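# Report on the structure
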Amino acid sequence: MHNKRLQYTVRVAEPNPVLASLMLEQFGGADGELAAAMLYFTQGLGELDPGRKDLLIDIATEELSHLEVIGSIVAMLNKGAKAQLAEASMEEAELYLSMTRGGNSHTQSLLHGGGPSLTNSSGVPWTAAYIDSRGDPTCDLRSNIAAESRAKVIYERLINITDDPGIKDALGFLMTREIAHQKSFEKALYAIEDNFPSGKLPGIEKYANVYVNTSQGEGDMNGPWNSGDQWERIDDLAQTMPFDDGDGSASVVLDKADAMAAEKLAVRTASVPTGDPTTGVDLGAGAGAGRITGDDKGAAADVDDAVRMADAM
């Protein structure tokens, strides 16, 4: 049931279409309120545990009220431009400038009449691809915790780009609710006694405790994430290729017909490693092409030299 009162009062000091465009990130963006509502709502519908189902539907419904708050901020920020455009009460040049200050504010004014559109701050339409549930509570709750964290950071950045006290207050409320939701999701996760690893199958012993130091050189660091009793650290990368007892190559068992066809394809497309065929590069090569078949066209010593060579042509 919709309550006509907003969950938090929206007080906007003055219209600002550009700021309205930026606020759309939390309306129709990947970490916005609609995405959160749909994420938790669909999880709740499939949840078997009555406590988690209740939690997810509660928070999903509250996210819709947050969508209403941020959408109302967008509408109020666009209200002046909407009125001016609808009534054509400004000179053409002034009206044009007011609509094209930045972002996708002109789209908001022309196409949506100043109302919030289901897009992010760059005008990219909202998509269900933002919803990435997997149907496993330990996996989805961790994803929800991360979603609340990301949304909080976006609200902080929006707070930093406005000096409107009413908007700051509303954004502060929304930001803080992200903290509260994260705490609820954390409690729900740890109410599951064995919550790691996600899913049902246990890890395989010989792979579970290995850390592979694949990025080596200046900047290497040791810490509890890669060193200590918990880890069997591998610095010699040859040991990891392959991890198993095989030869590290890919193979497939083919029936006779497929094997014959594959052999014909391999023969027809085989490379000839001998000789040095003349190519289009050789025929069209000019100064700066470097070494080509039977010749060396030279090359620039550096970027500045390349510019000088080009200017001299």
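Each remark here, short or long, concerns the structure printed above.
Now for a description of the structure that goes with this document.

Rules used in this analysis
Residues numbered from 1 in each chain as written. Predicted model: local features only at pLDDT ≥ 70, side-chain atom pairs only at ≥ 80, totals over all residues. Heavy atoms only, no water. Helix = DSSP H or I, 4+ residues; strand = E, 2+ residues; numbered from the N terminus. Buried < 20%, exposed > 50% of the residue type's maximum accessible area, 1.4 Å probe, protein only. Areas by Shrake-Rupley, 256 points an atom, 1.4 Å probe, with all protein chains shown as cover. 1 Å grid on protein atoms, 1.4 Å probe; cavity = no way out; pocket = protein on both sides within 12 Å on 5 of 7 lines; lining within 4 Å. Points joined across faces, edges and corners; volume = space filled by probe spheres on them. Nonpolar A, V, L, I, M, F, W, Y, C, P; charged D, E, K, R; others polar. Core = buried A, V, L, I, M, F, W, Y, C linked by side-chain atoms within 4.5 Å. Phe/Tyr/Trp six-rings, centres within 6.5 Å; stacked < 30°, edge-to-face > 60°. Salt bridge = Lys/Arg side-chain N within 4 Å of Asp/Glu carboxyl O. Contact = heavy atoms within 4.5 Å. Expected span 1.5 Å × (residues − 1). Axes fitted to C-alpha atoms, helices over the stretch in contact; angles between N-to-C directions. Parallel < 35°, antiparallel > 145°, perpendicular 65-115°, else oblique. Left-handed = near helix turned anticlockwise from the far one by under 90°.

With that settled, consider the overall build of the chain. A tally of helices and strands in the chain yields 12 helices and four strands. Here the chain holds 313 residues, and 30% of them are scored as buried. For the chain, the accessible area works out to roughly 20200 Å², and carbon and sulfur atoms hold 56% of it.

Right, let's get into unusual backbone geometry. Of note, the amide linkage connecting Phe196 to Pro197 takes the cis form, showing an omega dihedral of 0 degrees. On the secondary structure map, Pro197 appears in the loop between α8 (165-190) and α9 (205-208).

This part covers the layout of surface pockets. In this structure, the largest pocket occupies an estimated 290 Å³ of space. Tallied by class, residues from the lining of the largest pocket come to three nonpolar, five polar and three charged. Of the voids in this model, the second largest pocket is the one considered here, and its volume is about 180 Å³. What lines the second largest pocket is a set of 14 residues, and nearest its centre among them are Gln43, Gly46, Glu47, Gly135 and Asp140. Broken down by secondary-structure element, the contributors of at least two residues to the lining of the second largest pocket are α3 (33-46), α4 (50-87) and α7 (137-160).

Counting 23 residues, the largest nonpolar core has Met23, Ile70, Ile73 and Leu171 as the members making the most contacts within it. Going through the elements one at a time, α1 (17-23), α4, α7 and α8 are the ones with two or more residues in this core. Among the nonpolar cores identified, the runner-up in size contains 14 residues, and Leu55, Ile59, Ala147 and Ile192 belong to it.

Bringing the packing of aromatic side chains into the picture now. Following the criterion strictly, the structure yields five aromatic pairs and no others. Ring centres 5.8 Å apart and planes at 70 degrees place the aromatic pair Tyr207 and Phe243 in the edge-to-face group. Linking Tyr207 in helix α9 with Phe243 in the loop between β2 (232-234) and α10 (256-268), this pair joins segments that are 36 residues apart in sequence. With 6.2 Å between their ring centres and 70 degrees between their planes, Tyr211 and Trp231 make a pair best called edge-to-face. Pair noted here: Tyr211 is in strand β1 (residues 210-212) and Trp231 is in the loop between β1 and β2, with a separation of 20 residues, a long-range link.

Take the pattern of salt bridges next. For the structure on display, the rule yields eight salt bridges. The partner of Glu62 in a salt bridge is Arg177, and the shortest N-O contact between them spans 2.7 Å. You can see Glu62 sitting in helix α4 and its partner Arg177 sitting in helix α8, a full 115 residues away along the chain.

Mapped onto the secondary structure, Glu68 falls in helix α4. Here Glu68 falls in the partly exposed class, since its relative accessible area comes to 27%. Measuring from C-alpha to C-alpha, the distance between Glu68 and Leu34 comes to 9.6 Å, with 34 residues separating the pair along the chain. Here Glu68 is in contact with His2 and Leu6, once residues within four sequence places are set aside.

End to end, α3 covers 20 Å across 14 residues, agreeing with the expected 20 Å (1.5 Å per residue, within 8%). Turning to α3, its buried residues are Glu33, Leu34, Ala35, Ala36, Ala37, Leu39, Tyr40, Gln43 and Gly44.

It is worth spelling out the packing of α3 against α7 at this point. Two elements in contact, α3 and α7, have axes separated by 11 Å at closest approach and are oriented at 165 degrees. With respect to each other, α3 and α7 are oriented roughly antiparallel. α7 is crossed by α3, and the crossing has left-handed handedness. The residues of α7 that touch α3, namely those facing Glu33, Leu39, Tyr40 and Gln43, are Asp140, Asn144, Ala147, Glu148 and Tyr155. Broken down by class, the residue content of the contact of α3 with α7 amounts to four nonpolar, two polar and three charged.

Turning our attention to the packing of α7 against α8. Packing of α7 against α8 leaves a shortest axis separation of 9 Å and a crossing angle of 165 degrees. What the angle tells us is that α7 and α8 run roughly antiparallel. Seen from above, α7 lies across α8 with left-handed handedness. Classifying every residue of the contact of α7 with α8 gives 13 nonpolar, six polar and eight charged.

As a further point, take the side chain of His181. Here His181 lies in helix α8. With residues up to four places along the chain from it excluded, the contact list for His181 reads Ile59, Glu62, Glu63, His66 and Glu148.

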